[in-house]
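Commentary on secondary and tertiary structure
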Amino acid sequence: MRSALLLCCGSHRWAERVAAHRPYPDADSLLAASDEACYDLTAAELDEALAGESLSPLPLAGARGPATLAAHTALRAAHAEYERRFRHVFVICLDGYRDDELLDQVLSDIRTRLGNEPEEERAVAADELRRLARGRLARILAPGP
């Protein structure tokens, strides 16, 4: 159970807290517990969770066309600047966006967030991490095809 939870959020304490309160009466209760555990992460636990996220930006699905190579080059440069400035990877939850919107959304968000002060960005990153964990849990819970 904990190994599956750690795929949703890389904080061991988060996974322990979510696992400790099972069984949950329903999916909404599990998702609420996940949110609460994310809100309670200490700075070190947030660092652990962020370190568990991908260190290299992957090409985004659905990105096509002649400008794609230039956009991916810009995205790699923005990721490198973000990691230099904030000392952790850029995280963003893209649930709810269509494939053809992903690249523009990531580029827009990373450029905007590069203007944040470090403490403000940690709060934004923590909320994005919470949203990622919630979405990953929801996908695990979703009935198969």
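Given the structure is predicted, the values throughout are model-derived calculations rather than measurements.

**Focus on the nonpolar core**
Ranked by size, the top nonpolar core spans 37 residues in total, and within it Leu5, Trp14, Tyr82 and Leu137 carry the most contacts. Discounting residues that sit within four places of it in the chain, Tyr82 has contacts with Arg87, His88, Val89, Phe90, Ile110, Arg113, Leu114, Glu121 and Ala125.

**Points about the side chain of Glu53**
Relative to the elements of secondary structure, Glu53 occurs in the loop between helix H4 (43–51) and helix H5 (68–86). You can call Glu53 buried: its relative accessible area is 11%. Polar contacts involving the side chain of Glu53 include one to the side chain of Arg136, which spans 2.9 Å. With residues near it in sequence (within four places) discarded, Glu53 still touches Val89, Val91, Leu129, Leu132 and Arg136.

**Let's talk about helix H6 (residues 99–113)**
An α-helix turns once every 3.6 residues. As a result, residues three or four positions apart point the same way. Look at H6: 21 Å from first C-alpha to last across 15 residues, which is about the 21 Å you get at 1.5 Å a residue. Taken together, the buried positions of H6 are Leu102, Leu103, Gln105, Val106, Leu107, Ile110 and Arg113. Contacts from the buried residues of H6 go to H5 and helix H7 (118–141).

**Considering the pattern of salt bridges**
Scanning the model with the defined rule gives 14 salt bridges in all. One salt bridge in this structure joins Arg84 and Glu81, with 2.6 Å as the shortest N-O distance. On the criterion of helical spacing, the pair formed by Arg84 and Glu81 is a turn pair, its members being 3 residues apart in helix H5. A residue is classified by how much of its surface remains accessible, and Arg84, at 48% relative accessible area, is partly exposed. Note on Glu81: relative accessible area 31%, which makes it partly exposed. Through salt bridges with shared partners, a single ionic network connects Asp35, Asp127, Arg130 and Arg134.

Conventions adopted
Residues numbered from 1 in each chain as written. Predicted model: local features only at pLDDT ≥ 70, side-chain atom pairs only at ≥ 80, totals over all residues. Heavy atoms only, no water. Core = buried A, V, L, I, M, F, W, Y, C linked by side-chain atoms within 4.5 Å. Buried < 20%, exposed > 50% of the residue type's maximum accessible area, 1.4 Å probe, protein only. Contact = heavy atoms within 4.5 Å. Helix = DSSP H or I, 4+ residues; strand = E, 2+ residues; numbered from the N terminus. Polar contact = N/O pair within 3.5 Å; in protein donor to acceptor, adjacent residues only side chain to side chain. Expected span 1.5 Å × (residues − 1). Salt bridge = Lys/Arg side-chain N within 4 Å of Asp/Glu carboxyl O.

So far we have only geometry, and geometry alone does not tell us how the molecule works.
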